[in-house]
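Overview (structure and organization)
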Amino acid sequence: MFSFRQNERLGIPLPELEMDWHQYSKETQQEILLQWEKIRGKIPDRIKELENEINVKQEMLNNESNFERSCQLNSEIAELASVINDLWLWYRMNQHVSQDRLHA
């Protein structure tokens with residue numbers, strides 16, 4: 001009926017629902033939301049890990065004289081920043097859904 005599958009890019013499990021939300025029973029909705037809240041609570045830690053990776057790569061970039069390697073580091077930094085952005089979207093979007101559903 002539902003599962004949480006690890007998203008390799010984001011580094012967290014994401015919900016996979018086989019039905020529309022309203023088709024799930026209230027009990028199943030609660031179960032999904034409780035599992036999601038546990039995952040959601042780890043997103044800020046995941047973001048901090050990625051920010052640390054960016055800082056390391058930024059330091060490497062500051063000391064890099066090879067143009068091709070500089071471009072590669074820039075690309076890696078941009079990808080990490082994109083992952084952070086996506087994580088924040090998941091964190092914020094589902095915060096409102098979870099609060100609305102838990103208090104319904």
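These figures come from a predicted structure and were not determined experimentally.

Quick notes on the overall build of the protein
Regarding its fold elements, the protein presents three helices and two strands. When the helices and strands of the protein are read in sequence order from the N terminus, they spell out β-β-α-α-α. Looking at the 104 residues of the protein, the share that counts as buried comes to 29%. Excluding contacts between residues fewer than 6 apart, the proportion of contacts in the protein whose partners are at least 24 apart in sequence is 56%. Here the protein has roughly 7100 Å² of accessible surface; of this, 49% comes from carbon and sulfur atoms.

Some points on the nonpolar core
Judged by nonpolar contacts, the single largest core of 22 residues is most densely connected at Ile12, Trp36 and Leu87. At the level of elements, β1 (2–7), β2 (12–17), α1 (26–40), α2 (43–62) and α3 (67–102) are the ones that each hand at least two residues to this core. With six residues, the top contributor of residues to this core is α3.

Notes on α1
Taking 1.5 Å of rise per residue, 15 residues should cover 21 Å, and α1 covers 20 Å from first to last C-alpha, within 8% of that figure. Three or more residues of α1 are buried, namely Thr28, Gln29, Ile32, Leu33, Trp36, Ile39 and Arg40. Along α1, the residues classed as buried sweep out an arc of 135° about the axis, all on the same side. Away from its buried face by more than 90 degrees, α1 exposes Glu27 and Lys38.

Observations regarding α2
For α2, built from 20 residues, the straight-helix expectation of 28 Å at 1.5 Å per residue is met to within 8% by its first-to-last C-alpha distance of 28 Å. Among the residues of α2, those classed as buried are Ile43, Arg46, Ile47, Leu50, Ile54, Lys57 and Leu61. Looking straight down α2, one finds its buried side chains confined to an arc of 95°; they lie on one side. Exposed residues pointing more than 90 degrees away from the buried face of α2 are listed as Asp45, Lys48, Val56 and Asn62.

Quick look at the packing of aromatic side chains
Using the criterion set out here, one finds four aromatic pairs in the structure. Ring centres of phenylalanine 2 and phenylalanine 4 lie 6.2 Å apart, and the angle between their planes is 90°; this geometry places the pair in the edge-to-face category. Between tryptophan 21 and tyrosine 24, the aromatic rings sit 6.4 Å apart at their centres with planes inclined by 55°, giving tilted as the arrangement. Both residues of the pair, tryptophan 21 and tyrosine 24, count as buried. The ring of tyrosine 91 carries arginine 40 above its face, with NZ or CZ at 4.0 Å from the centroid.

Section: the environment of serine 82
In this structure, serine 82 sits in helix α3. Classification of serine 82 by relative accessible area gives partly exposed; the value is 27%. Each C-alpha atom, one on serine 82 and one on leucine 10, is 9.6 Å from the other, the two residues being 72 residues apart in sequence.

Criteria and thresholds
Residues numbered from 1 in each chain as written. Predicted model: local features only at pLDDT ≥ 70, side-chain atom pairs only at ≥ 80, totals over all residues. Heavy atoms only, no water. Helix = DSSP H or I, 4+ residues; strand = E, 2+ residues; numbered from the N terminus. Buried < 20%, exposed > 50% of the residue type's maximum accessible area, 1.4 Å probe, protein only. Contact = heavy atoms within 4.5 Å. Areas by Shrake-Rupley, 256 points an atom, 1.4 Å probe, with all protein chains shown as cover. Core = buried A, V, L, I, M, F, W, Y, C linked by side-chain atoms within 4.5 Å. Expected span 1.5 Å × (residues − 1). Arc of directions from axis to C-beta. Phe/Tyr/Trp six-rings, centres within 6.5 Å; stacked < 30°, edge-to-face > 60°. Lys NZ or Arg CZ within 6 Å of the ring centre and 35° of its normal.

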